[in-house]
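Structural overview
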Amino acid sequence: MALQLSYRLLGRQLSAGQATRVGRRRLSLLRERALVAGQWTVAADGATFDVINPATDDVIASVPDLGEADAARAVAAAAEAQRSWGQTAPRRRSQLLQAYFRLLEEHGEQLAALLTAEQGKPLAEARAEVAYGAGYIEWFAGEARRIHGEVVDGAAPHKETLMIRQPAGVAALITPWNFPIAMLLRKLGAALACGCAAVAKPAEDTPLSALALAALAEQAGLPPGVLSVLTASRARTPEVGAALCRDPRVAVLSFTGSTAVGKLLYAQCASTVKKLSLELGGNSPFIVFDSADLEKAVAGCMASKFRNSGQTCISTNRILVQAGVYDRFVAALGSVMASQLTAGDGAADGVNLGPLVNNAQLEKVSGLVSESVRQGARQVWPRPGSAAPEGRFYPPTLLTEVTPDMACFREEVFGPVAACARFETEEEALAIANSSDMGLAGYIFTENIAQAWRVSRALECGMVGVNEGLISQPEAAFGGVKLSGLGREGGHYSVEDYTEVKYICFGTK
Ligand code: ADP
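This one's a predicted model, so the numbers in the text were calculated from it and none came from an experiment.

**What about the domain arrangement of the chain?**
Segmenting the chain into domains produces domain 1 (18–280 + 486–502) and domain 2 (284–473). Computed from C-alpha atoms alone, the centre-to-centre distance between domain 1 and domain 2 is 30 Å. With 24 residues of domain 1 at the interface, the matching set in domain 2 holds 26 residues. Contact between domain 1 and domain 2 buries roughly 1,900 Å² in total, counting both sides, with carbon and sulfur atoms accounting for 56%. A per-residue breakdown of the area domain 1 buries against domain 2 is headed by Pro 54, Pro 122 and Trp 177, which together make up 25% of the total. Linking domain 1 with domain 2 are one salt bridge. One salt bridge in this structure joins Arg 392 and Asp 57, with 2.8 Å as the shortest N-O distance. At the boundary of domain 1 with domain 2, the tally comes to eight residue pairs in polar contact (both at pLDDT 80 or more). Elements with a contribution of two residues or more to the side of domain 1 that touches domain 2: α4 (108–119) and α5 (123–143). Considering every element that reaches the side of domain 1 that touches domain 2, the biggest residue donor is α5, with four residues. For the side of domain 1 that touches domain 2, a count of residues per class yields nine nonpolar, seven polar and eight charged.

Take a look at the structure:
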């Protein structure tokens, strides 16, 4: 199979300074100050850190490197703002979220440009992320008016038994770099709808999206202090994280990121017994059965594997193909990879595979691929011995003859690597799929309806795509089991995270 992949890097060479200026003109929502306690601010000691475009290495901006004291200030302001925000009529909160949604829509292009610049994803994907993220604000504008308790018949007729829902209190929102807009809006929409003030800590690689979202929230009329955004470098992040976890005024911690950091935050929150929502790593199986429609299966695999260059927590990681269709599936996947993937700067036309976000990711992905090849996987593409990747552009890679013990199956690769293993029976596929200690998403492709139900129920994960590779939507419950986390975000499920139930017993005798 002759695979031809095109790379469209920037056509002409610009100096770093030139490129930065050219880039910045388009980035009208760019903010270089953090929002703390209602003020756009710098760090007390003036410290900053640079935000880099991962496709070009240009410095896009420098943002404040905040620390523990800033976190405490943000929490104090949120706790103060919480008192009136928690009492604001749900209808008013809903209207504010609607206004915010409209602003997000109006500024979709600017947000997408900023997102591509700091995160690297192709512009079409950045636009899709903005629309997806804004969809959560639209959804929670509705949910704000549908948060209600229950009245039940108590044990005795003279006891009226009521359960009401109240805002849980200040929420700390720690978000990752792979979906910097959608992950923040998913958490923020739910928190605001439920009447919680929020302190957000975006990832160090992608703080600009969060600052832009905060600027628009302010423009929508969010009262000062209800949202702070703390930017912090990799070095100072642990200090800010610990301050948020240990502060008794923070009632909820919602985190999306790695399992390692999730476990650390879980432990740090023990002393203040916070409500926790943790959306952690995945290791999604993608199972193609003999009865599958192979065209659908390949399309589903492309969508779930290569979106954001594979840097998605629900990305397909372990492709399991039944023996009867294995050779045909792998050949079809290889040729679609070859004809449809164009790697390069996400801002360039026609590019649909951006760079990996940073050098650590690049090293991790290439390490897992070399280890798997050493363990016996066959690298079909790129051909062994091909030129090393340029910059942070990891080439789309197809590995076959993979077995469950190999590195690319044991760990979440988080890169554009399609690793395919062969299985014989449904039981064997399920045993392999469930052997992971992660349980976020799973995908199955089958035209056998009984099998679709059976396997959906048997998979140990929080979400299943049946003949569908793109499953995220604001209406649905997003989350995982096992080491993939706690709680569900989206739909009406987020209300659990940001409200407390209070039981009131009315004696009427
Ligand atoms: P990844 O390994 O994919 O970069 P992380 O889990 O490290 O994912 O990052 C997700 C988010 O967690 C980011 O906002 C990051 O800054 C934050 N983070 C990382 N380490 C800590 C920590 N010790 N305390 C609080 N937040 C942290």
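**What about the confidence of the model for the chain?**
On average, residues of the chain carry a pLDDT of 94, and 95% of them reach 70 or more. Note on residues 1–22: pLDDT is under 50 here. Beyond four places in sequence and across chains, it has 42 contacts.

**Examining the packing of aromatic side chains**
Enumeration over the complete set of coordinates arrives at six aromatic pairs. Seen from their ring centres, Phe 286 and Tyr 443 are 5.9 Å apart, and the 40° between their planes marks the pair as tilted. Taken as a pair, Phe 286 in strand β13 (residues 284–288) and Tyr 443 in strand β20 (residues 441–445) lie far apart in primary sequence, 157 residues in all. We classify Phe 286 as buried; its relative accessible area is 0%. Looking at Tyr 443, the relative accessible area reads 1%, which means it is buried. Look at Phe 289 and Phe 423: their rings are 5.6 Å apart centre to centre, the planes differ by 80°, and that puts the pair in the edge-to-face class. With a gap of 134 residues between them, Phe 289 in the loop between β13 and α10 (294–306) and Phe 423 in strand β18 (residues 417–423) connect regions that are remote in the sequence. In this pair, the class of Phe 289 matches that of Phe 423, namely buried. Stacked on the ring of Phe 179, the Lys or Arg Lys 121 has its end atom at 3.8 Å from the ring centre.

**Digging into the side chain of Glu 118**
With respect to the secondary-structure elements, Glu 118 resides in helix α4. In this structure, Glu 118 is buried with no salt-bridge partner, the nearest side chain bearing the opposite charge being Lys 121 at 9.9 Å. A polar contact is formed between the side chain of Glu 118 and the side chain of Ser 209, at a distance of 2.5 Å.

**Focus: the environment of Gly 189**
With respect to the helices and strands, Gly 189 occurs in helix α6 (residues 182–193). A sequence separation of 67 residues divides Gly 189 from Pro 122, and the C-alpha atoms of the two residues are 25 Å apart. Those residues in contact with Gly 189 that sit more than four places away from it in its chain are Leu 97, Ile 137 and Phe 140.

**Overview of the site of the ligand**
Inspection of the region around the ligand gives 17 residues, with Thr 175, Trp 177, Lys 201, Glu 204 and Ser 258 positioned closest. A distance of 2.6 Å is found between an oxygen atom of the ligand and a side-chain nitrogen or oxygen belonging to Lys 201. Relative to its unbound accessible surface of 550 Å², the ligand loses 82% to contact with the protein. Broken down by secondary-structure element, the contributors of at least two residues to the shell around the ligand are α8 (237–246), β11 (250–256) and α9 (259–268). A per-class count over the shell around the ligand returns nine nonpolar, six polar and two charged.

Thresholds, definitions, all that
Residues numbered from 1 in each chain as written. Predicted model: local features only at pLDDT ≥ 70, side-chain atom pairs only at ≥ 80, totals over all residues. Heavy atoms only, no water. Domains from an automatic or database assignment. Contact = heavy atoms within 4.5 Å. Buried area = accessible area lost by both parts, 1.4 Å probe. Salt bridge = Lys/Arg side-chain N within 4 Å of Asp/Glu carboxyl O. Polar contact = N/O pair within 3.5 Å; in protein donor to acceptor, adjacent residues only side chain to side chain. Helix = DSSP H or I, 4+ residues; strand = E, 2+ residues; numbered from the N terminus. Nonpolar A, V, L, I, M, F, W, Y, C, P; charged D, E, K, R; others polar. pLDDT = per-residue confidence, 0-100. Phe/Tyr/Trp six-rings, centres within 6.5 Å; stacked < 30°, edge-to-face > 60°. Buried < 20%, exposed > 50% of the residue type's maximum accessible area, 1.4 Å probe, protein only. Lys NZ or Arg CZ within 6 Å of the ring centre and 35° of its normal. Lys, Arg positive; Asp, Glu negative; His and termini not counted. Near = heavy atom within 4 Å. Areas by Shrake-Rupley, 256 points an atom, 1.4 Å probe, with all protein chains shown as cover.

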